[in-house]
Amino acid sequence: SRPLYDLCDWLHVSRIAPDIYHHYISAIAKKTWKNQLDDTSLQVITSLSECHPATIYRFCENIWSRHMEDQKDTNKEQIERVWYDYVHNQRFRIKDKLAHLNNSQLKVLALIATQDKNPLTGKHVQILLNLSGAAITKALTQLEELELIEQTTDKSYKVIEPLVKAVLNETYARYLEK
């Protein structure tokens, strides 16, 4: 009764490079709006979405919808506003996704999303989170299994989904203070 993808081996696929997205998005903008997006706007799109495939697709869909409503040239400020609205609209879905996490997992996830602390099991991080090294390691393992974080090639951790990271930055950073 498990989905087919749960029965397959896990295959890590790297994200598409920003310049490839820039070329594609620019071509679609020119085709649909008869106008290209400037480089700054393209950089904002790929930076905020972190080139996460599902996120960049939905984000661009929101940009295109907003453009069709406003009938104005799309610029950096409008794109940032669309991102803010997109995060705001997805906040409850993300909070539901995070609601089942225990306090240790939430603290570790919030730290990864909001700060660049490595190694995560170091004494300064243990003091900051008020967790033991073993508890942090256990939380990291659990968060990886839940596919909320991944370890990068430099052995640091990052939140996989940019929307989760944005919501954590917006609302869950206070868990680091408790």
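Below is a summary of the structure that appears in this document. Position numbers for residues start from 1 in each chain and track the written sequence from start to end. Local features in this predicted model are restricted to residues of pLDDT 70 or higher, and side-chain atom pairs are both shown and tallied only at a pLDDT of 80 or more, whereas totals for entire chains, interfaces and linings draw on every residue. Here the side-chain values reflect all heavy atoms present in the structure, with hydrogen atoms and water set aside.

Points about unusual backbone geometry
Rule in force here: Counting from the N terminus, the helices are the DSSP runs of H or I reaching at least four residues and the strands are the DSSP runs of E reaching at least two. For the exposure calls, accessible area comes from a 1.4 Å probe over protein chains only, and a residue counts as buried if that area is under 20% of its type's maximum, exposed if over 50%, partly exposed in between.
Non-glycine residue Cys51 carries a positive phi angle of around 60°. If you trace the backbone, Cys51 turns up in the loop between helix 3 (39-49) and helix 4 (53-70). At Asn130, a residue that is not glycine, the phi angle is positive and equals roughly 55°. Mapped onto the elements, Asn130 comes out in the loop between helix 7 (123-129) and helix 8 (133-145). Note on Asn130: relative accessible area 61%, which makes it exposed.

Quick look at the pattern of salt bridges
As a working rule, side chains carrying opposite charge can pair if their charged atoms are close by. Threshold: What counts as a salt bridge is simple: a side-chain nitrogen of Lys or Arg found within 4 Å of a carboxyl oxygen of Asp or Glu.
By the definition in use, this model includes eight salt bridges. For Glu80, the salt bridge is made with Lys76, and the minimal N-O distance between the two is 3.0 Å. Linking Glu80 with Lys76, this pair stays in helix 5 (residues 76-98), spanning four residues, or about one helical turn. The salt bridge partner of Arg93 is Glu161, with a shortest N-O separation of 3.2 Å.

Quick word on the environment of Val159
Selection rule: It only takes one pair of heavy atoms within 4.5 Å for two residues to be counted as in contact.
Looking at the element boundaries, Val159 is found in strand 2 (residues 157-159). Judged by its relative accessible area of 3%, Val159 falls in the buried class. When near neighbours in sequence (up to four residues on either side) are disregarded, Val159 contacts Glu50, Leu109, Ile112, Ala113, Leu148, Ile149, Val164, Lys165 and Leu168.

Description of helix 4
Every α-helical turn comprises 3.6 residues, leaving residues that sit three or four positions apart pointing alike. What counts, and what does not: One less than the number of residues in a helix, times 1.5 Å, gives the span that helix is expected to have. Directions from the helix axis toward the C-beta atoms define the arc.
In this model, helix 4 (18 residues) spans 26 Å end to end at C-alpha, consistent with the 26 Å of a helix rising 1.5 Å per residue. Considered for burial, the residues of helix 4 that qualify are Thr55, Ile56, Phe59, Cys60, Ile63, Trp64 and His67. Down the axis, helix 4 shows its buried residues gathered within 165° of arc, on one side only. Turned more than 90 degrees from where helix 4 packs its buried face, Tyr57 and Glu69 sit exposed.

Some thoughts on the packing of aromatic side chains
What counts, and what does not: Whether two aromatic rings pair depends on their centres lying within 6.5 Å, for rings of Phe, Tyr and Trp, where Trp uses its six-membered ring; planes under 30 degrees apart make the pair stacked, over 60 edge-to-face, and the rest tilted. Here, a charge over a ring means that NZ of Lys or CZ of Arg falls within 6 Å of the ring centre while also lying within 35 degrees of the ring normal.
Tallied over the entire structure, the rule returns four aromatic pairs. Of the aromatic side chains, those joined through ring pairs into one cluster are Phe59, Trp83 and Tyr86. Above the plane of the ring of Phe92 lies Arg91, whose end atom (NZ or CZ) is 5.0 Å from the centre.

Re the packing of helix 5 against helix 9 (residues 162-172)
Note the threshold: Under this scheme, a helix contributes an axis fitted over its contacting stretch, all axes are lines through C-alpha atoms, and angles between N-to-C directions fall in the 0 to 180 degree range. Working rule for angles: under 35 degrees goes down as roughly parallel, over 145 as roughly antiparallel, 65 to 115 as roughly perpendicular, anything else as oblique. In the scheme used here, Gly and all other residues not listed as nonpolar or charged are polar, with Ala, Val, Leu, Ile, Met, Phe, Trp, Tyr, Cys and Pro taken as nonpolar and Asp, Glu, Lys and Arg as charged.
Two elements in contact, helix 5 and helix 9, have axes separated by 8 Å at closest approach and are oriented at 85°. The angle between helix 5 and helix 9 falls in the class roughly perpendicular. Counting all contacts with helix 5, which are made through Trp83, Tyr86, Val87, Gln90, Arg91, Arg93, Ile94, Lys95, Lys97 and Leu98, the residues of helix 9 involved are Pro162, Leu163, Val164, Ala166, Val167, Leu168, Glu170, Thr171 and Tyr172. Partitioned by chemical class, the residues of the contact of helix 5 with helix 9 number 12 nonpolar, two polar and five charged.

Thoughts on the environment of Arg93
Position of Arg93 relative to the elements: it lies in helix 5. Its relative accessible area of 39% is what places Arg93 among the partly exposed residues. Sequence-wise, Arg93 and Val164 are 71 residues apart; in three dimensions their C-alpha atoms are separated by 9.6 Å. Every residue in contact with Arg93, bar those within four places of it in the chain, is listed here: Glu161 and Leu163.

Limitation: the analysis is restricted to geometry and does not speak to function.
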